[in-house]
Amino acid sequence: MSDSYFEARERELLGEQYQKMYASAQHVYRAVTVNLLRTDAQTFARSADFLEGPAPFCPESFYLKENTRPGRHPYHHAGVYYVQEASAAAPAALLNVQPGDRVLDLCAAPGGKSSQLGARLQGKGLLVSNEYVAARAQILKNNLERMGIFNAWVLNEDASHVADAFPEFFDKVLVDAPCSGEGMFRKEEEALRQHSQALVRQCSEMGAEILGHAARCLAPGGLLCYSTCTFAPEEDEGQIGRFLSRHPEFSLLPVRLAAGSPGEEARRCGWDFDASLCWRIYPCHGGEGHFMALLQKAGTPQPGRSVSHKAKPAKECGQFLDEMFGQLPGIPVQNGDRWYLVPELASPAGRLRTVRCGVELGSVVKGRFVPAHGLAMAFGGLCRNTEQLTLADPRTAAWLRGEEIAAKTAGNGWTAVLVDGFPLGWGKCSAGRVKNHYPKGLRNLG
Ligand SMILES: C[S@@+](CC[C@H](N)C(=O)[O-])C[C@H]1O[C@@H](n2cnc3c(N)ncnc32)[C@H](O)[C@@H]1O
């Protein structure tokens with residue numbers, strides 16, 4: 001790490017601790033976060049042989065063994081885990097999301113923290129997952145689809161529009177702010193090259209604006225988590241101090257994790273509050289670096305408002321769902337020639353730029369229903385016709401390469417293909433063979 005402004009600032013703030021916090025921590029840890037919608041942390045730890053052990057920042061994060069390629073593993077394809085730096089997994093867990101909550105992730109792409117929030121909802125309630133940059137919002141949608149988060153509404157909006165549309169609506173809000181990325185220095189040279197004091201100031205202003213919008217859409221009594229992957233005072237403790245001075249209706253709750261260190265008084269930028277209630281993770285703690293603070297809005301939560309939709313799926317779509325699944329959670333909604341299963345609390349009509357609301361079910365082509373990949377990823381484990389694979393079965397690798405495989409458990413017609421019960425998309429079975437419908441862009445090639 002050699003940005004001169006960064007180094008001079010941190011040496012001054014940390015004194016003798018500087019060497020310990022950054023320079024002597026050479027090891028770069030890689031980690032994954034298990035998807036609690038697919039399995040639990042203990043079962044995952046037993047079944048995945050590529051894990052080094054649990055990370056100390058949240059129960060669903062695990063360090064990886066050296067030389068693993070987690071992106072090609074069948075469990076990755078099946079959304080059993082998300083490749084996520086260990087300290088980055090901490091903030092979402094602080095919100096203590098419960099099934100049925102209304103949750104907003106305001107700066108969500110590529111989706112690591114949204115996946116955690118969605119998994120903790122266990123399919124009940126609503127996750128609104130917003131990303132400002134359009135191309136990144138598509139990546140977010142794809143990741144949430146792979147993780148099977150079926151009650152997510154993915155938006156590509158300015159934070160101010162989200163706040164206008166949902167006044168005091170959410171029980172829990174996460175602001176993982178766009179930041180100067182000092183916690184990325186060891187992983188990405190580009191973050192180091194682009195860094196400057198001016199960038200820190202710019203990010204601090206942007207973060208303050210986003211936090212203001214987050215405050216508006218949080219319900220009375222609701223929780224707001226603010227996090228960054230930077231160490232800069234103006235974006236961290238200083239940001240929280242400024243927010244508290246503008247928002248006396250918020251109070252700071254203590255954050256204490258098994259590893260890391262309390263927020264620092266010297267980084268308050270002159271604001272008067274107890275910065276030690278915040279939490280920091282430095283490279284020496286076993287993660288690349290994160291700052292987080294948990295805030296509560298005063299007041300008592302009101303019963304949530306819900307928006308009802310009335311729609312019946314096309315005959316072919318309804319028939320397919322009845323035969324293959326029975327009752328699924330959500331409301332069928334048509335958009336053009338496609339059908340979606342929309343979470344009950346969501347209202348996809350209106351002016352918000354929606355990337356995806358709920359699960360894409362499929363479309364009717366020449367009088368026949370063609371199921372969408374997202375349907376298999378969300379509900380494949382519940383499907384009545386399945387081709388069941390295991391990690392040890394050579395057909396699993398063949399399937400992920402896009403090959404046709406021999407049928408052993410599926411009957412004729414559309415079938416969900418599963419590895420150890422986790423979904424790997426659709427196949428179509430006939431004459432003892434399963435034709436491969438796993439999307440071409442997702443296959444393990446080369
Ligand atoms: C730190 S990243 C979020 C990472 C994400 N929470 C995760 O865990 O995968 C911050 C995100 O904020 C987005 N962003 C950029 N400008 C923004 C703005 N003005 N308002 C809201 N979000 C913005 C960035 O595109 C980026 O995807």
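Residues numbered from 1 in each chain as written. Predicted model: local features only at pLDDT ≥ 70, side-chain atom pairs only at ≥ 80, totals over all residues. Heavy atoms only, no water.

J.: So, the domain arrangement of the protein chain: which residues are in play, and what are the values?
T.: For the protein chain, the assigned domains read domain 1 (4–13 + 89–297), domain 2 (307–350 + 357–381) and domain 3 (385–446). Just the C-alpha atoms count here: the centres of domain 1 and domain 2 sit 33 Å apart. With 11 residues of domain 1 at the interface, the matching set in domain 2 holds 15 residues. Contact between domain 1 and domain 2 buries roughly 1000 Å² in total, counting both sides, with carbon and sulfur atoms accounting for 73%. (Domains from an automatic or database assignment. Contact = heavy atoms within 4.5 Å. Buried area = accessible area lost by both parts, 1.4 Å probe.)

J.: Provide a residue-level description of the pattern of salt bridges, including the pertinent values.
T.: Considering all chains together, one arrives at 25 salt bridges under this definition. For arginine 193, the salt bridge identified is with glutamate 190, shortest N-O distance 2.6 Å. Here the residue arginine 193 and the residue glutamate 190 both occupy positions in helix α9 (residues 189–194), the gap between them amounting to three residues, near one helical turn. According to the relative accessible area criterion, arginine 193 is exposed, its value standing at 58%. Residue glutamate 190 is classed as partly exposed on the basis of its relative accessible area of 36%. (Salt bridge = Lys/Arg side-chain N within 4 Å of Asp/Glu carboxyl O. Helix = DSSP H or I, 4+ residues; strand = E, 2+ residues; numbered from the N terminus. Buried < 20%, exposed > 50% of the residue type's maximum accessible area, 1.4 Å probe, protein only.)

J.: Hey, could you go over helix α11 (residues 237–246) for me, with residue numbers and the actual values?
T.: When you tally the buried positions in α11, you get eight out of 10 residues, the bulk of the element. Residues of α11 that are buried include every one of Glu237, Gly238, Gln239, Ile240, Gly241, Arg242, Phe243 and Leu244, and no others. In this structure, the buried residues of α11 make contact with α10 (197–217), β9 (218–228), β10 (250–253), β12 (279–281) and β13 (290–297).

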